[in-house]
Amino acid sequence: MDLRYSEADEKFRAELGAWLKEAVPAHGKAPSIHDWPGRRAYDTGWQRKLFDAGYAGVNWPKEYGGRDATLTEQLVYYEEIARAHAPYVGVNFVGMLHGGPTVITEGTEQQKAKHIPRILRGEEVWCQGFSEPVAGSDLAALQTRAVRDGDVYRVTGHKIWTSFAQVSDYCELLVRTNPDASKHKGISWLIMPMDLPGIDIRPLPTIIGDSDFSEVFLEDVPVPVENLVGEENDGWRVTNVTLRFERGTAFASEMYQLQESLRDVVEIAKRVTRHGVVVWEDRALRREVGHLQSELDSLWAMMKLSVSETAQTGMPGLGASAIKLYYTELYQRVCELALGVLGRAGLAREDVGGLPTQDALRRMLNSLSLTIAGGTSQVQRNIISERILGLPREPR
Amino acid sequence: MDFRVNEDQAALQEGIRSFCEGRVSIEQLRELEGKGFESELWSELAEMGVFGLRLPEADGGVGLGTADAVLVFEELGKALVPGPLAWTHLAAGLVDGAADGTAVVGGLDLSDGHGAPYIIEHFENLDVLLLLYADRIERVAPKALDAKPVATPLDPLTPIFEVSEIPEGEVIGGAEDAQRMRFEGAVLVSGQLLGITETTLAMSLEYTKGREQFNRPIGGFQALKHIMADCFVRQEATRAVVYAAGATIDDPLAGDVSRAVSSAKAMAGESAWKNSRAAVQLHGGMGFTWEVPVHYYLKRTRVLENVFGTSEEHADALAEGLGQAVA
């Protein structure tokens, strides 16, 4: 049980920290959430800077331009990124965390050569076409059809929850290529260029008021057969490769930020009064903050234990479901506590009375998505109780 | 950083586990109801190194660290081993005979400044009583106290006595020693609470997999599965934070000891209580009977919650620390 980072890890931390100290302020302020060209330029510009400095793709293999950092270095990386308030991965999310790693693992040499360097340099933006109105938690029920027609698949269907579709160059797309096979066996994984004819993107405003999500309607879209990743009808397995990448150290930055959010609660509580007393003097509030601190420390320790285990086995364990479940629900509790402390100031979506209401409200609203996206809390509880605890399975 | 339990630690834990399984079964515990102490068992625990575990080898101890001790106490917690385990362990090196089991040492934590009633566990079996104040440690002879037994203790395996007045004792440690004892005590007891967190979930799983209603195991109903999934998350989070506290005491450069300890004790207390309560609920009517041992765990949790700082007190300490860190 050795908790201390190695000298090499600390050296890496110092170098990265020094670079971020210059690079983050130099990159300027993030554009408005409605300025899509601006957001693409901002996020991909940051990705390019990471690349030039040798910090792009910390978890990517060296032969594909990544840093191939050890898991503890990755943890350090995410800690420092969060500490420095560096730009979030943003529009590069799907390319860097889903599509890219899948192409690296399952793609042909041609596919890799074409996409991987460009994703890493921030020249190519990807989106995800997985979910459908009829296929949410039951993703394998997807119905978007792809019919082989010479050198192309003709794709027709309706995708939903597609983030950053407006500014994407490619879409990692799940389609049904064999409607007669059982639902997991007729799915294929395609790289769909977003400039093909027949693609209609309709933004779907969220409760935050942004339009990061879109519905994507596909009408006879001709996707080249050479864009098939993995074998035809083997897409479900390929997808699971992608999903596994989601469950490593990826939450580490957000966990670190969650600690900052709890500090923000304290800071706000010290600045607002109720019943003529500073809110931080409220013993019940302090106790709740204390319990949350204990739980955040527990979550972080869980992460370290999981990273130590993954470093040995090479594969994130099922425990990642427990971390995801715990992290997202804790996040919501911290956000709700902030809302309570803000009181009437929390009726504003912009800063009022010199309080950071804008951020607090955006975080609170956004937190509601966390227990839905990437497998709902209820699905995680099923996974934990069935695959880890061995309880009887739900009918499927 | 490699936070995993290493091979030596796993072997140590396995040794204690198999000892407890053979020696402290539920049937044997039932025999101890009302007594909560057995001198042969105490000697055997001493022989296993439970009390002298962290004492240097030169002083007759095993020479291991707090992280190792946490693993041992986790097993003691799982098996509900009764007795003033943490106090005697902490007294090793401070009170002659503690390490080898010839002196049974109990204690009363007065560092939080709480007043009467003063409740002392296992009083009639104690050779030495430690008084832990915020700024010192004192030792007193139990016979110097006017103690009256409480006929019906909450935990049938932890007899208690009520003491009306605390005499002055011999000072055997200063403020630093007192703080260290409080930290170490909190972490050891957190280990026991972790053990309870784990065992009560294991009991719930076993019961709900076997119990059938509506022609299916009740463990297949989502309403129950999801309770157990939450128990599992709590168990994993508690394990991580409790191990981290032990490791931080061993290597203070790895983190903030006071914070690590408070996070562990606050979390472990909450988790043991929530998982034992869930176990009562998941066992249905049987969970409310004396025959099913779930209640032993629930009751022991209260004993352990109320020593070396409650969850609430540790939460308050964490909030205090955070409040100071935020200008």
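Residues numbered from 1 in each chain as written. Chains lettered and ligands numbered in written order. Predicted model: local features only at pLDDT ≥ 70, side-chain atom pairs only at ≥ 80, totals over all residues.

1. Quick look at helix 3 (residues 39–47) of chain B
All names here are of chain B.
Step number 1: What helix 3 keeps buried is the set W42, L45 and A46. In a view along the axis of helix 3, the buried residues occupy a sector of 100°, so they form one face of it.
Step number 2: G49 occupies a position one or two residues after helix 3 and carries a positive phi of about 90°. (Buried ≥ 20, exposed ≤ 12 C-beta atoms within 10 Å, placed from the backbone. Helix = DSSP H or I, 4+ residues; strand = E, 2+ residues; numbered from the N terminus. Arc of directions from axis to C-beta.)

2. Section: the sheet that holds strand 4 (residues 137–140) of chain B
All names here are of chain B.
Step number 1: Strand order across the open sheet formed by 4 strands is 1-3-4-7, with mixed pairing between neighbours. At either margin of the open sheet sits one strand with a lone partner, and together these are strand 1 (105–109) and strand 7 (170–173). Direction aside, neighbouring strands of the sheet carry axes that sit 30° apart on average. (Pairing = 2+ DSSP bridges. Axes fitted to C-alpha atoms, helices over the stretch in contact; angles between N-to-C directions.)

3. Observations regarding the interface of chain B and chain A
Step number 1: In this assembly, 45 residues from chain B lie in contact with 41 residues from chain A.
Step number 2: For the side of chain B that touches chain A, the secondary structure elements donating two or more residues are helix 6 (175–210), helix 7 (222–250), helix 8 (257–282) and helix 11 (311–325) of chain B.
Step number 3: Each residue belonging to the side of chain B that touches chain A can be placed in one class, and the counts come to 25 nonpolar, 12 polar and 8 charged. (Contact = placed C-beta atoms within 7 Å. Nonpolar A, V, L, I, M, F, W, Y, C, P; charged D, E, K, R; others polar.)

4. Here we look at the pairing of strand 5 (residues 187–193) of chain A
Every regular strand shows the same layout, with side chains that alternate between the two sheet faces.
Residue and element names in this part refer to chain A.
Step number 1: In terms of burial, strand 5 is a largely internal element, 6 of the 7 residues being buried.
Step number 2: Of the pairings in the sheet, the one linking strand 4 (residues 170–176) to strand 5 comprises 7 bridges and is antiparallel in character. Residue pairing in the sheet places E172 in a bridge with I191 of strand 5.
Step number 3: Here strand 5 runs beside strand 8 (residues 228–229); their pairing, made up of 2 bridges, is antiparallel. Across the sheet, the residue bridging to L190 is L228, located in strand 8.

5. Describing unusual backbone geometry
Step number 1: Of note, the amide linkage connecting A116 of chain B to P117 of chain B takes the cis form, showing an omega dihedral of 0°.
Step number 2: By the secondary structure assignment, P117 of chain B is in the loop between strand 1 and strand 2 (118–121).
Step number 3: Phi at H85 of chain A is positive, roughly 50°, even though this residue is not glycine.
Step number 4: Classification of H85 of chain A as exposed rests on a count of 12 C-beta atoms within 10 Å.
Step number 5: Of note, F214 of chain B is a non-glycine position whose phi angle comes to about 55°, a positive value.
Step number 6: Looking at the secondary structure, you find F214 of chain B in the loop between strand 8 (212–213) and strand 9 (216–217).
Step number 7: Residue class for F214 of chain B comes out exposed when judged on the 8 C-beta atoms lying within 10 Å of it.

6. Considerations on the sheet that holds strand 6 (residues 160–163) of chain B
The pairing of strands in a sheet happens through backbone hydrogen bonds and is either parallel or antiparallel.
Residues and elements named next belong to chain B.
Step number 1: As summarised here, the arrangement of the 3 strands in space is 2-6-5, forming an open sheet in which the pairing is antiparallel. Of all strands in the sheet, those with a lone pairing partner are strand 2 and strand 5 (147–149), marking the two edges. Across the sheet, the axes of successive neighbouring strands diverge by a mean angle of 35°, strand direction being ignored.
Step number 2: Where strand 5 and strand 6 come together, 3 bridges link them in antiparallel fashion. In the strand pairing of strand 6, P149 is matched with F161.

7. What about the domain arrangement of chain A?
Step number 1: As far as domains go, chain A holds domain 1 (7–88), domain 2 (126–232) and domain 3 (247–388).
Step number 2: Relative placement of domain 2 of chain A and domain 3 of chain A: their C-alpha centres are 32 Å apart. (Domains from an automatic or database assignment.)

8. Comments concerning the nonpolar core
Step number 1: Counting residues in each nonpolar core, the largest one holds 201 residues, and the members touching the most others are L190, V265, L299, V334 and A338 of chain A together with M228 of chain B.
Step number 2: The element contributing the most residues to this core is helix 7 of chain B, with 16 residues.
Step number 3: Those residues within four positions of L190 of chain A in sequence are excluded, and the remaining contacts are A146, Y153, L173, V175, V223, N227 and L228 of chain A. (Core = buried A, V, L, I, M, F, W, Y, C linked by C-beta atoms within 7 Å.)

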